[in-house]
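Structural overview
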Amino acid sequence: MKIIAPICKLLAVAFVLLLPSPKASFAQQELIGDLKDIAEQYEAIGLSVAVVKDNKIVFEENIGYKDKDAKTPLSHGDIFRIASISKSFTATALMQFVERGEISLDDAVSDLIGFPVVNPNHPEETITLRMLLSHTSSINDSQKYSSLDIINPDKNPDYAKCYSKPAPGTKYRYCNLNYNMAGAILEKLTGVEFSTYVVDTILKPLGLYGGYDADKLDASKFVPLYRYRNGKFTLSKPAYRSLEKMKENYQIGYSAPIFSPTGGMKISTSDLAKYMMMHINYGVGENGQRIISQKSSEIMQSAIAKASETADYGLGIRLTRDFVDGKLLIGHTGSAFGLFSVMMFDREKNVGIIAITNGSKRVKVGNYNSLLKPTVELLYDWFADE
């Protein structure tokens, strides 16, 4: 990877910002070359990135392949299943109800979801919505999370295995079941399917294309995902599976996990960047549409749980110093079906970064797998101090 002297770098970044076309300047070619070096180092099938600066997208690039076998290149508008970055959409939707006073973050999950959600190790402690969204509920994924039956006492005699020993609210434990339950709660509140509500109240107002229901999206835009195992890549077929048969007996307020509120959002890199701008702007999109109040946005981005020595967790939002030399970045990461994704922004520098790969070697870099960290470091170095 080439190193540019500080003054030359500032001039180069200025060219990137002024001339956004991928072939517009030597500066962009320098940056693109460095991105290609990272993609090659981690054997990435494809790498898609976008950078936001001062409320606009200032750089986008797609490297490598959308389809490994057909050698189809990644292109603008291609859609990825972004994995756990999806959690922020679920939390955002629920905050709309919190700010209107229709529910409270301190409401009992049992009351919101319609069946007992009580840790048998601490039956006197109430598990709240805030605990679900901050991963402090004491619920775990040991019994999987694709159905609420596993934690419903009326459906599963072994439901107690879904709970950990620490008392609710006392310890962070990342848990996908938390967010699939949150999706069901959203349906209880709205009376409509989870994906429909998120599309209608978040994506459409922001002018974005995507959703959790693959059957309602243009399948030609889907980016195949590839797992790296034993030195080779294998296509992950379930990433964009049809839900048609699974929805035959759909129960609003209970069947939401089939959409995967915890990880099932499908969206392009550029549209995800525009969604990120809404969080950078405390609830207001690039187009001026307010999705949540500033207060709700601030709550989401405030540290609630200590996730690690260098990271905290809010509500569907991670606050971390893991990516760039101790700099506080806000957002989320994702990992599923071979995909790795990151959405992170620095509020002080007013810069945000999206990076997604549809398959790469699983090499640990810091606290994250694959090429996410070096990619974020590179883009941050180029754009944060311009």
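Heads up: the structure comes first, above all this text.
Before going into details, it helps to say that this report is about the structure given with it. Just so you know, these numbers come straight off a predicted model, no measurement behind them. (Residues numbered from 1 in each chain as written. Predicted model: local features only at pLDDT ≥ 70, side-chain atom pairs only at ≥ 80, totals over all residues. Heavy atoms only, no water.)

**What about the sheet that holds strand E5 (residues 210–211)?**
As a general point, the strands of a sheet are linked pairwise by backbone hydrogen bonds and lie either parallel or antiparallel. Put simply, the rule is: Strands were regarded as paired on the criterion that DSSP finds at least two bridges between them. In this text, helices come from DSSP runs of H or I with a minimum length of four residues, and strands from runs of E with a minimum of two, each type numbered from the N-terminal end. Residues count as neighbours in contact if any of their non-hydrogen atoms are within 4.5 Å of one another. In this analysis an axis means a line fitted to C-alpha atoms, helices contributing only their contacting stretch, and an angle means the value between N-to-C directions, from 0 to 180 degrees.
Read from one edge to the other, the open sheet built from 3 strands follows the order E4-E8-E5, with strand pairing classed as antiparallel. Of all strands in the sheet, those with a lone pairing partner are strand E4 (79–81) and E5, marking the two edges. Here helix H8 (residues 269–280) sits on the sheet and contacts E4 and strand E8 (266–268); the angle it forms with E8, its principal contact strand, is near 95°.

**Notes on helix H2 (residues 26–41)**
Our working rule: Each helix should span, by expectation, one fewer than its residue count multiplied by 1.5 Å. Only protein chains enter the calculation, and the probe is 1.4 Å; a residue is then buried if its accessible area is under 20% of its type maximum, exposed if over 50%, and partly exposed in between. Think of it as the arc spanned by the lines of direction from the helix axis to the C-beta atoms.
Given a rise of 1.5 Å per residue, 16 residues ought to cover 22 Å, and the 22 Å separating the end C-alpha atoms of H2 matches this to within 8%. Among the residues making up H2, those that are buried are Ala-27, Gln-28, Leu-31, Ile-32, Asp-34, Leu-35, Ile-38 and Ala-39. Projected onto a plane normal to the axis of H2, the buried residues spread over an arc of 155° and lie on a single side. Across H2 from its buried face, at more than 90 degrees, point the exposed residues Phe-26, Glu-40 and Gln-41. Positioned one or two residues after H2, Glu-43 has a phi angle of 50°, which is positive.

**With respect to the packing of aromatic side chains**
Inclusion rule: Aromatic pairs are defined between Phe, Tyr and Trp rings, using the six-membered ring for Trp, whenever the two ring centres lie within 6.5 Å; interplanar angles under 30 degrees are classed as stacked, those over 60 as edge-to-face, and all others as tilted.
Taken as a whole and judged by the stated rule, the model has 11 aromatic pairs. Ring geometry for Phe-97 and Tyr-197: centres 5.7 Å apart, planes at 40°, overall tilted. Of this pair, Phe-97 sits in helix H3 (residues 86–99) while Tyr-197 sits in helix H7 (residues 194–206), and the two are 100 residues apart along the sequence. Neither residue differs from the other here; Phe-97 and Tyr-197 are each classed as buried.

**Re the pairing of strand E6 (residues 226–229)**
Pairing geometry for E6 and strand E7 (residues 232–235), over 4 bridges, is antiparallel. Following the sheet pairing, Arg-227 is matched in E7 by Thr-234. Where E6 folds back on E7, the antiparallel hairpin that results is connected by 2 residues, among which Asn-230 adopts a positive phi of roughly 50°.

**A few points about the layout of surface pockets**
Which entries qualify depends on this criterion: Each cavity reported here is a set of points on a 1 Å grid over the protein atoms alone in which a 1.4 Å probe fits but cannot get out, each pocket an open set with protein on both sides within 12 Å along at least five of seven lines, and each lining residue one with an atom within 4 Å of a point. Grid points are joined across faces, edges and corners, and a volume is the space filled by probe spheres set on the points.
Space inside the largest pocket adds up to approximately 960 Å³. If you go around the largest pocket, you meet 42 residues; those closest to its centre are Ser-84, Tyr-145, Asn-176, Ser-335 and Ala-336. Listing elements by their share of the lining of the largest pocket, those giving two or more residues are helix H6 (176–190), strand E9 (305–308), strand E12 (329–336) and strand E16 (368–369). The dominant element in the lining of the largest pocket, judged by the number of residues it contributes, is E12, at 5 residues.

**So, unusual backbone geometry**
Of note, the phi angle at Ala-83 is positive, near 65°, even though the residue is not glycine. Assignment of secondary structure puts Ala-83 in the loop between E4 and H3. Of note in this structure, Phe-337 is not a glycine but carries a positive phi near 60°. Here Phe-337 falls in the buried class, since its relative accessible area comes to 17%.

**Things to note about the environment of Tyr-42**
By the secondary structure assignment, Tyr-42 is in the loop between H2 and strand E1 (46–53). By relative accessible area, Tyr-42 is classed as buried at 7%. Considering only alpha carbons, one finds Tyr-42 and Tyr-163, 121 residues apart in sequence, at a separation of 37 Å.

**Focus: the nonpolar core**
Put simply, the rule is: For the purposes of this section, nonpolar cores are sets of buried Ala, Val, Leu, Ile, Met, Phe, Trp, Tyr and Cys residues that join through side-chain atoms within 4.5 Å.
Of all hydrophobic cores here, the largest spans 87 residues; its most connected members are Phe-89, Met-181 and Leu-272. Leaving out residues up to four positions away in the same chain, Leu-272 has contacts with Ile-82, Ile-85, Phe-89, Ile-267, Met-343, Ile-354 and Ile-356. Judged by nonpolar contacts, the second largest core, of 33 residues, contains Val-324, Leu-379, Tyr-380 and Phe-383.

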